[in-house]
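Geometric and topological summary
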Amino acid sequence: MNPTFEHLLARAEQLITRIEAVLPQPLAAPDWDAVAWRYRKRGGRQGVWEAVRHLSVMRLDDLQEIDGQKEKIRRNTEQFVDGKPANNVLLTGARGTGKSSLIKACLNAYAPRGLRLIEVDKGDLTDLPDIVELVSTRPEKFVVFCDDLSFEDGEPGYKALKSILDGSVAAATPNVLIYATSNRRHLLPEHMKDNLTYTRGEDGEIHPGEVVEEKISLSERFGLWVSFYPFSQEEYLTIAGQWLSSFGLNAEQIAAARAEALVWALERGSRSGRVAYQFARDYAGRHGHG
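Presented here is a report on the structure given in the accompanying data block.

Thoughts on the packing of helix α7 (residues 233-246) against helix α10 (residues 273-286)
Running from N to C, α7 and α10 point in directions that differ by 40°, and their axes come no closer than 8 Å. Classified by the angle between their axes, α7 and α10 sit oblique to one another. With respect to the hand of their crossing, α7 and α10 are arranged in right-handed fashion. Contacts from Y236, I239, A240, W243 and L244 of α7 reach α10 at G273, V275, A276, Y277, F279, A280, Y283 and A284. Split into classes, the residues belonging to the contact of α7 with α10 amount to 12 nonpolar, 1 polar and no charged.

Re the layout of surface pockets
In this structure, the largest pocket spans a volume of roughly 630 Å³. As for the largest pocket, its lining consists of 28 residues, of which M58, G98, S101, R274 and Y277 are closest to the centre. Breaking the lining of the largest pocket down by element, the ones donating at least two residues are α3 (99-110), β6 (176-182), α7 and α10. Sort the elements by how many residues they give to the lining of the largest pocket and α3 lands first, with 4 residues. Partitioned by chemical class, the residues of the lining of the largest pocket number 9 nonpolar, 12 polar and 7 charged.

Details of empty space enclosed by the protein
Summed over the entire model, instances satisfying the criterion amount to 1 cavity of 30 Å³ or more. For the largest cavity, the calculated volume is near 50 Å³. Every residue lining the largest cavity is listed: T77, I103, C106, L107, L115, R116, L117, V143 and Y179. For the lining of the largest cavity, the elements supplying multiple residues, two or more each, are α3 and β4 (115-120). Counted by class, the lining of the largest cavity contains 7 nonpolar, 1 polar and 1 charged residues.

With respect to the environment of Q233
Position of Q233 among the secondary structure elements: in helix α7. Residues Q233 and S272, 39 residues apart in the sequence, show an inter-C-alpha distance of 9.6 Å. When neighbours within four sequence positions are excluded, Q233 is seen to be in contact with L262 and R271.

The rules behind these values
Residues numbered from 1 in each chain as written. Predicted model: local features only at pLDDT ≥ 70, side-chain atom pairs only at ≥ 80, totals over all residues. Heavy atoms only, no water. Axes fitted to C-alpha atoms, helices over the stretch in contact; angles between N-to-C directions. Helix = DSSP H or I, 4+ residues; strand = E, 2+ residues; numbered from the N terminus. Parallel < 35°, antiparallel > 145°, perpendicular 65-115°, else oblique. Left-handed = near helix turned anticlockwise from the far one by under 90°. Contact = heavy atoms within 4.5 Å. Nonpolar A, V, L, I, M, F, W, Y, C, P; charged D, E, K, R; others polar. 1 Å grid on protein atoms, 1.4 Å probe; cavity = no way out; pocket = protein on both sides within 12 Å on 5 of 7 lines; lining within 4 Å. Points joined across faces, edges and corners; volume = space filled by probe spheres on them.

Written out as structure tokens, the structure reads:
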């Protein structure tokens with residue numbers, strides 16, 4: 001064979017290899033023995049499923065003072081696992097009140113019955129159709145978990161999620177639901193200038209303009225809204241006491257810790273469940289428990 005031709009052929013093969021490396025590839029199947037995964041893209045490359053090897057040990061009974069919210073999520077998740085109709089869920093409200101913990105606790109409760117969780121960052125939501133396609137034939141039930149979800153105007157993940165919530169996921173894959181948490185009820189920033197788009201109809205009623213309608217349209221596509229609120233002082237102390245009990249402190253020791261728990265919350269400017277848990281870990285550790 002002509003040496004020049006051999007050289008050109010080798011160069012062509014190298015070029016083809018490089019092109020194939022940058023072309024989109026079908027998602028590789030993950031380790032199906034895992035219970036939870038993180039879907040990640042690194043450096044703009046093909047997305048990968050990373051199995052979560054160390055799951056949170058959070059239980060539903062560990063979460064106090066959110067009984068109403070807990071029952072809604074538990075009921076919806078149970079319907080889903082049982083193969084009954086269930087809704088995509090948006091959990092909104094004050095930070096540290098148990099939104100993410102509640103989803104993790106549900107995973108622990110229902111994993112033995114086939115529930116699985118895929119955590120997806122908002123920047124990777126454009127890949128959601130591929131993720132759903134990969135799990136569509138599996139026997140398990142999958143919750144796509146988007147934590148701390150919020151969008152700025154024009155982000156690509158916003159329209160991708162909106163399109164999926166319109167029904168394509170639920171209709172094509174009954175084994176997939178989306179659970180999202182956010183501090184914003186409508187997932188997009190709200191500005192004073194948005195109020196200028198309101199109009200008054202002939203009947204005298206005020207109607208939202210296109211800007212406002214667009215900002216509420218995504219959250220409206222979640223079938224179930226669950227709202228969380230800041231805790232009162234007594235609710236905060238109850239949660240702190242529950243966590244102290246889980247670390248082995250008795251009722252007398254828990255009562256003695258109340259004053260320090262209040263100071264801890266005051267220093268952090270928050271009486272959230274997260275702050276209560278952090279206090280309990282610190283207090284139990286300093287007093288030789290846990």
